Amino acid sequence: MSITTMTVEELISIMGYEEHKDYLLSTMDFIGYRNEHLKNKYNDFRRQFYFIGRHQVGVTLTGEEKVFGDYLLFDTDSHDEAVFVEDFDDLKQLEEAIISGAGYTNPFTGDMVAVIFGGRQPFEVVGINEDDEEEVFDKCKEMPIPSFNERCGHLKVRWKLG
């Protein structure tokens, strides 16, 4: 079975971020073994708590580099301007990252875009509130964000089809 392959520039287009291409080429980092060749060696997400953009160390991407992965997650962090793409082995791992403590409902997470088998896959995060009803997380209006996590348990990803 072959794995999905695209260029960095194609990935940026799939994610819908063409207007930010130059910024992404100068900042975006990669996490995961499939794209180790694209990793900014100055970032170590296991040991440091700040992000170093490629432009800060002179290792800007060209856009022609190859990105590998069937399950990719583009993630932006608003507190340190981190921008990265992480690859996962399967859908379950991707969903777990989206609903994790550092995931979509985290107040420091700016945006997340899932790319599955080379296509952008919109999603929403859903939780079960105290009335045992499904509630959809709305990042634009849910402030403070911790209130959603306190109000709703059993978070899950609902994929928007079509």
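Scroll up to find the structure.
This report concerns the structure included in the present document. Given the structure is predicted, the values throughout are model-derived calculations rather than measurements.

To continue, consider the packing of aromatic side chains. Counted by the stated rule, this structure contains five aromatic pairs. On the basis of an interplanar angle of 65 degrees and a centroid distance of 5.2 Å, the ring pair of Y71 and F117 is categorised as edge-to-face. Here F117 lies in the loop between β6 (109-116) and β7 (119-120) and Y71 lies in strand β4 (residues 71-77), a separation of 46 residues in the sequence. Using a relative accessible area of 14% as the deciding quantity, one classes Y71 as buried. Look at Y104 and F137: their rings are 5.7 Å apart centre to centre, the planes differ by 85 degrees, and that puts the pair in the edge-to-face class. Of this pair, Y104 sits in the loop between α4 (91-99) and β6 while F137 sits in the loop between β9 (134-136) and α5 (146-151), placing them 33 residues apart in sequence. One exposure class covers both Y104 and F137, and it is buried. The positively charged end of K139 is found above the aromatic ring belonging to Y104, 5.0 Å away from the centroid.

A separate point is the sheet that holds β6. What the five strands build is an open sheet, ordered β2-β5-β4-β6-β7; its pairing is mixed. Every interior strand has two partners, whereas the edge strands, β2 (29-31) and β7, have only one. Along the sheet face, helix α1 (residues 8-15) touches β2, β4, β5 (83-88), β6 and β7 and points at about 110 degrees away from the line of β6. Of the strands in this sheet, β4, β5 and β6 touch α4, which is tilted by about 15 degrees from β4.

For the rest of this paragraph, the subject is the pattern of salt bridges. Working definition: two side chains of opposite charge can pair if their charged atoms are close together. According to the stated counting rule, one finds seven salt bridges in the structure shown. Note that R34 is salt-bridged to D87, the shortest N-O span being 2.8 Å. One end of the pair, R34, is in the loop between β2 and α3 (54-57); the other, D87, is in strand β5, with 53 residues separating them in the sequence. The class for D87 is buried, based on a relative accessible area of 6%.

Another point: the nonpolar core. One broad trend across soluble globular proteins is that nonpolar side chains are buried collectively. V8, L11, M15, M28, F30 and F74 are the most contacted members of the largest nonpolar core, which totals 19 residues. For this core, the secondary structure elements donating two or more residues are α1, α2 (21-27), β4, β5 and β6. Among the elements that line this core, the one with the most residues is α1, at four residues. Ignoring anything within four residues of it in the chain, the contact list for F30 reads V8, L11, N35, L38, K39, R54, L61, V67 and V85. Membership of the second largest hydrophobic core comes to 17 residues, among which are V125, F137, F148 and W159.

The next subject is α1. The α-helix advances 3.6 residues per turn, and as a result positions three or four apart in sequence lie on the same side. Looking at α1, one finds that the buried residues are V8, L11, I12 and M15. Each buried residue of α1 lies within a common arc of 100 degrees when the element is viewed along its axis, so the set occupies one face. In the stretch just after α1, G16 is the one whose phi turns positive, near 85 degrees.

Criteria and thresholds
- Residues numbered from 1 in each chain as written.
- Predicted model: local features only at pLDDT ≥ 70, side-chain atom pairs only at ≥ 80, totals over all residues.
- Heavy atoms only, no water.
- Phe/Tyr/Trp six-rings, centres within 6.5 Å; stacked < 30°, edge-to-face > 60°.
- Helix = DSSP H or I, 4+ residues; strand = E, 2+ residues; numbered from the N terminus.
- Buried < 20%, exposed > 50% of the residue type's maximum accessible area, 1.4 Å probe, protein only.
- Lys NZ or Arg CZ within 6 Å of the ring centre and 35° of its normal.
- Pairing = 2+ DSSP bridges.
- Contact = heavy atoms within 4.5 Å.
- Axes fitted to C-alpha atoms, helices over the stretch in contact; angles between N-to-C directions.
- Salt bridge = Lys/Arg side-chain N within 4 Å of Asp/Glu carboxyl O.
- Core = buried A, V, L, I, M, F, W, Y, C linked by side-chain atoms within 4.5 Å.
- Arc of directions from axis to C-beta.

Shape is all these values report; function is a separate question.
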